[in-house]
Structure formats: C-alpha cells, structure tokens
Amino acid sequence: MTGVFTFLRSGGIVVRMNDLKTKTTMNEKMDSTMDKKMDSKMDRRTFLGSTVAAGGALLASTALSYGKILGANDRISLGHIGIGSRGGDLEFIAGKLKDSHRVEMTTVCDLWKVNREKAAAGATKVYGRAPRALQHLEDVLALDDVDAVLISTPEHAHSPILKMAVDAGKDAYVEKPMGNVLAEAKAARDAVRKNKRIVQVGTQHRSEPYPRAAHDLVQTGVLGDVSKVEVEWNYHGPRWRGRSEVKQIREEDTDWRKWLMNKPYRPFDPQLYFEFRLYREFSSGIPDQWMSHGIDQVNWFMEDSFPRSAVAHGGVFAWHDGRENADTFEALFEYPKGFLVRYATSFGNDAPSFSRFMGKKATLFNIGGEGSPRYQLVEEKGNHEDDSDVDKQRASRYVTLPGETKLPPMGIDDLSLGHMANWFECLRSRQQPHCTVDDGFAHSVACMMATEAYWSGRKVYWDAKNEAIVDSAPA
Ligand SMILES: NC(=O)c1ccc[n+]([C@@H]2O[C@H](COP(=O)([O-])OP(=O)(O)OC[C@H]3O[C@@H](n4cnc5c(N)ncnc54)[C@H](O)[C@@H]3O)[C@@H](O)[C@H]2O)c1
C-alpha cells in the first residue's frame, strides 16, 4: 500500500500505483437524478390519526413544541422543499434512515408539479402512506406538525428559505452553498442563531469516515506549519448544460415568480430554471457548486474560517454554449493563520484531481476529486536541490480506518448517510451538527469573495469586523 509521487515542474503530480485506474467519481451528478393536495392547515394529530399505516408501528402523535427536546420515541416529522436532482438524493438518504432515526417525510413541496408528484410517489413507497404534497413552501412552514425541513432548491433560494424556515420555528438541513448573496446569508445566519435552530449545511463529506480521520490526523500537528493548500478538481464536459427537464417543463406546471425568489422578474426561461448553475445572477457556477465543498474542507482541516483576501481568474474557454459562468476557474486565498489556498477547476480537461495540504513536516494528499476517501501522508524530507532522489526517502502511508487492509477508493457518490444521520441525532440532542450555520456562512463568504474577485478583476478582502467584502485591506 505504498505509492510514489513524482513531482512535476509544472506543479502537477503523477502517482505511480497499479490501482490508480479507478475512475474518480466527481459529484453533483446532473443525471442522478400528487398533486393530491391535502389541506396544508391539517394539524399533526389529524394527519397522523387519519393515515397511520395499518399494522405498522404506532407512531408517536403528540404535537411537538419547538423548544422541546425530542425524546427517543418521538418520530421526527420532516418537510422537504425543492425536490429535483439533489432533492431525490436527500429523499433516498432520509428514507434509508427512517427506522434507525425514527423520521418520516410527512410533507413534500416543489413548485413544479412533475417533481412534486414524483417525490410524493417516492415517499408513499418508502413510508407506507402518502405525504402531503404542497406547491408553496409557505404552506409547509405553516404546518405545526412539521418539525424540520430539508431545503434543496437552487442556491439563490437557500438563504431566503432558510431564514423563513427558522423564523417559522423549523430546524433545517440546507444544501450548499448556504447562501450566495452576502446580506441574505447574514440574515439567515442571524435568524438561525436568534431562533436557536439546529441547522446542518449540506457539505456531506464532513460526516464521512475518511475525511474525518484525515481531519483528526491534521489536528495532531503531523504536517508541521502548513503554508499552502491546493485543491484541483477537473472534469471533461459541458458541465451543467443539457438538463433533460428543460424540454419537459411548462410554465403552467410551476410558479415561475416564486422560483425567481428575490430576483427581478423576467419571462419564463426553462434553461435558467434547470441550468441555473451557468447564470451569473443565480449562481457563481464552479465556486458555488464545487469550491463550496473544497473550501469548506480547507476551513475545517485548518481550523480557520474566513480568508483574509482573494483573487480569481478564469473564463469560458472550453464550452461556448451561452454559459455566463466560467468553465475554467482558479482562485487564490490568503488565510489569517498564514497560508495560501489555491482552488482550481477545469471543465475542458479531466487531468487527475487532487488536494494537498503542504506542511514543513509532511504533505497530506487527497488523491481524487471531491470527497475522495483516499488520503496519503507523505513525509517531507530535504529537498530536490540537495538530493534529486529525495522522493525515495519520503516515507508515506495511507489514512485507513481501523482494521482496514485495502487501499481506500478514490471516489464516493453523493449518497452517504452520515451527514443526514448526524443532523437527525442533533435534532434530538440539540447539539451542534458537523456543518453548522457558521461553517456554512464561512464557506459561502469564501465563494462570494472568489466570485466578486473574478467578476471585478480586483483583489478583495474580508472585513471581519463589519462582515463585508471590501476593496482594500481593513485596518
Ligand atoms: N451536497 C451535494 O453534494 C450536492 C449535490 C448536488 C447538488 N447540490 C445542491 O443542490 C441544489 C439543487 O440542485 P439540483 O440539481 O437538485 O436542482 P434541480 O433544479 O434539479 O432541483 C431544484 C428543485 O427545486 C424546486 N424549487 C425551486 N424553487 C423552489 C421553491 N421556492 N419552492 C419549492 N420548490 C422549489 C424546483 O422546481 C426543482 O424541482 C443546488 O444548490 C446544489 O448546490 C448539492
């Protein structure tokens, strides 16, 4: 289980190992992919009383007051808002945990009839009875019997919906990035704190065993002083273009104005609806989608939250298909603890993805793209100038789990259960989950800084005191 890294002058790495043919699974697969309206005002008792599955386990039906700590026997009643591609994943994950964590999806909500009906049919199969299926999230939030909501709408709506949900007394699992408009993200974060809600932000790798083991290893100080972190995740293809739903959706089957959320009105645009990641006003693209995961991991491993400054560059160089957001993107951050972070993604070439934490004593490599479980620690010993063969003297080992003898895989799908399970546990214990709203706010700030730097062409700074992105270094 040892491998030898050859460092190229170009800064890339070649990994000589027999088994590195495994294809990295990059996440956010675009393809992973009832209007039987019940009375949205129906209370918990009526809902449960009218639909308890015959012969099924008797479900606790006491109405929950939201200040209350859920007991081990209370069933957690969930509502799910925005159930498209990622929403389908979350629906699957919650369903897998329904017995172990005593949860039930009692309400599904999507503006689009097709996804709403699909989600309701799915939940009926999993839970043995039909959930309420509602078009508008306001009707979900008005339901006293819904304890907590999952939010998997497009990212321009994450913070606004999170704020509405916690103001309505709901706990929430919100997809990443937690927000992409600074004032909205702040307002949501403040509302979570004020209402003392339990919020998990959807960077699920924080709850997976290998990143957790690697995180703990870094905390031992094994790397020595870290001066640089690099994250490079590539993919070959016109990412985020070509969603099949674009041809399927009709305006009369959704509520376009509601979809726009806080954005100015414009005529119905099915491409914007499902390919929102390509359009600047709704998403930053690579930062919101991928860098949010990458920078969240850097923040977590390095125990530093907000970059001091950021620059960014890139453009549409590979896919001239009308996209506004870059398909080739690179950002550099300086962090207050004193290290540089480089994040880079190319959609025009699938050269091997990696991350590396570069310390004076050792380098921690994460071999593969987002969420890859394969971590290798390589000793730092001397330098190439004094000894061109120095690599041979660098001891290395993989980060493995107790009792494991195989090399960890180089990819993971988006369906790991740990993050949702951790949130469910925290709903009962009222402890903070693995990715708190403050962590989500921090990764969102880094994404917004990179985006601002990219579009303005300027270096930007984080003014921590005033929580603002500014053009010159704060005093
Ligand atoms: N954690 C991960 O690994 C991961 C993976 C993929 C996507 N994501 C995140 O998931 C989010 C959603 O991506 P997607 O590909 O599933 O999008 P999608 O377009 O497939 O699904 C979004 C759904 O939300 C519905 N919707 C939009 N606004 C709504 C509103 N106000 N009320 C109710 N329903 C509403 C839409 O009708 C649609 O069905 C993205 O922000 C992305 O960052 C996270």
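First, a word on scope: everything that follows refers to the structure included in this document. As the structure is a prediction and not an experimental result, all values here were calculated from the model.

### What to know about the site of the ligand
Stage number 1. Contacts to the ligand come from 32 residues, most closely from Arg86, Asp110, Glu155, Arg243 and Tyr273.
Stage number 2. In the environment of the ligand, an oxygen atom lies 2.6 Å from a nitrogen or oxygen atom belonging to the side chain of Asp110.
Stage number 3. A distance of 2.9 Å is found between a nitrogen atom of the ligand and a side-chain nitrogen or oxygen belonging to Gln204.
Stage number 4. Here the ligand loses 99% of its free accessible area of 860 Å² to cover by the protein chains.
Stage number 5. Looking at the shell around the ligand, the elements with two or more residues in it are helix 2 (85-96), helix 9 (256-260), helix 10 (270-274) and helix 11 (286-302).
Stage number 6. A per-class count over the shell around the ligand returns 11 nonpolar, 11 polar and 10 charged.

### Focus on the sheet that holds strand 4 (residues 103-109)
Stage number 1. Judged by pairing direction, the sheet is parallel, and its six strands sit side by side in the order 5-4-3-6-7-8 without closing on themselves. The open sheet terminates on both sides in strands that have one partner only, identified here as strand 5 (132-134) and strand 8 (199-201). Between one strand axis and the next, the sheet turns by 20 degrees as a mean value, whatever way the strands run.
Stage number 2. Packing of helix 2 onto the sheet brings it into contact with strand 3 (76-81), strand 4, strand 6 (148-151) and strand 7 (171-174), and relative to strand 3 it is tilted by some 165 degrees.
Stage number 3. Across the sheet, helix 12 (residues 418-429) touches strand 3, strand 4, strand 6, strand 7 and strand 8, and the angle it forms with strand 7 is around 170 degrees.

### Here's the deal with the side chain of Thr107
Stage number 1. Tracing the backbone through its elements, the reader meets Thr107 in strand 4.
Stage number 2. The class for Thr107 is buried, based on a relative accessible area of 0%.
Stage number 3. Side-chain polar atoms of Thr107 contact the side chain of Arg132, separated by 3.1 Å.

### With respect to the nonpolar core
Stage number 1. Residues Leu162, Phe329, Phe333 and Leu364 are the most contacted members of the largest nonpolar core, which totals 88 residues.
Stage number 2. Sorting elements by how many residues they give to this core places helix 13 (residues 437-456) first, with 10 residues.
Stage number 3. For Phe329, the residues in contact, after removing those within four places along its chain, are Ile286, Pro287, Met291, Ala312, His313, Gly314, Tyr343, Ala344, Thr345, Ala450 and Tyr454.
Stage number 4. Ranked by size, the runner-up nonpolar core spans 25 residues in total, among them Leu97, Met105, Ala120 and Met420.

### Comments concerning the pairing of strand 4
Stage number 1. When you tally the buried positions in strand 4, you get seven out of seven residues, the bulk of the element.
Stage number 2. In terms of strand pairing, strand 3 meets strand 4 through six bridges, oriented parallel. The residue bridging Leu78 from the neighbouring strand is Met105, located in strand 4.
Stage number 3. Chirality of the crossover, the property in question, places the unit of strand 3, helix 2 and strand 4 among those that are right-handed.
Stage number 4. Pairing between strand 4 and strand 5: three bridges, direction parallel. Looking at strand 5, one finds that Val108 is bridged to Ala133.

So, how was this worked out
Residues numbered from 1 in each chain as written. Predicted model: local features only at pLDDT ≥ 70, side-chain atom pairs only at ≥ 80, totals over all residues. Heavy atoms only, no water. Near = heavy atom within 4 Å. Polar contact = N/O pair within 3.5 Å; in protein donor to acceptor, adjacent residues only side chain to side chain. Areas by Shrake-Rupley, 256 points an atom, 1.4 Å probe, with all protein chains shown as cover. Helix = DSSP H or I, 4+ residues; strand = E, 2+ residues; numbered from the N terminus. Nonpolar A, V, L, I, M, F, W, Y, C, P; charged D, E, K, R; others polar. Pairing = 2+ DSSP bridges. Axes fitted to C-alpha atoms, helices over the stretch in contact; angles between N-to-C directions. Contact = heavy atoms within 4.5 Å. Buried < 20%, exposed > 50% of the residue type's maximum accessible area, 1.4 Å probe, protein only. Core = buried A, V, L, I, M, F, W, Y, C linked by side-chain atoms within 4.5 Å. Right-handed = clockwise from strand over helix to strand, strands pointing away.

Keep in mind that these numbers describe shape and distance, not what the molecule does.
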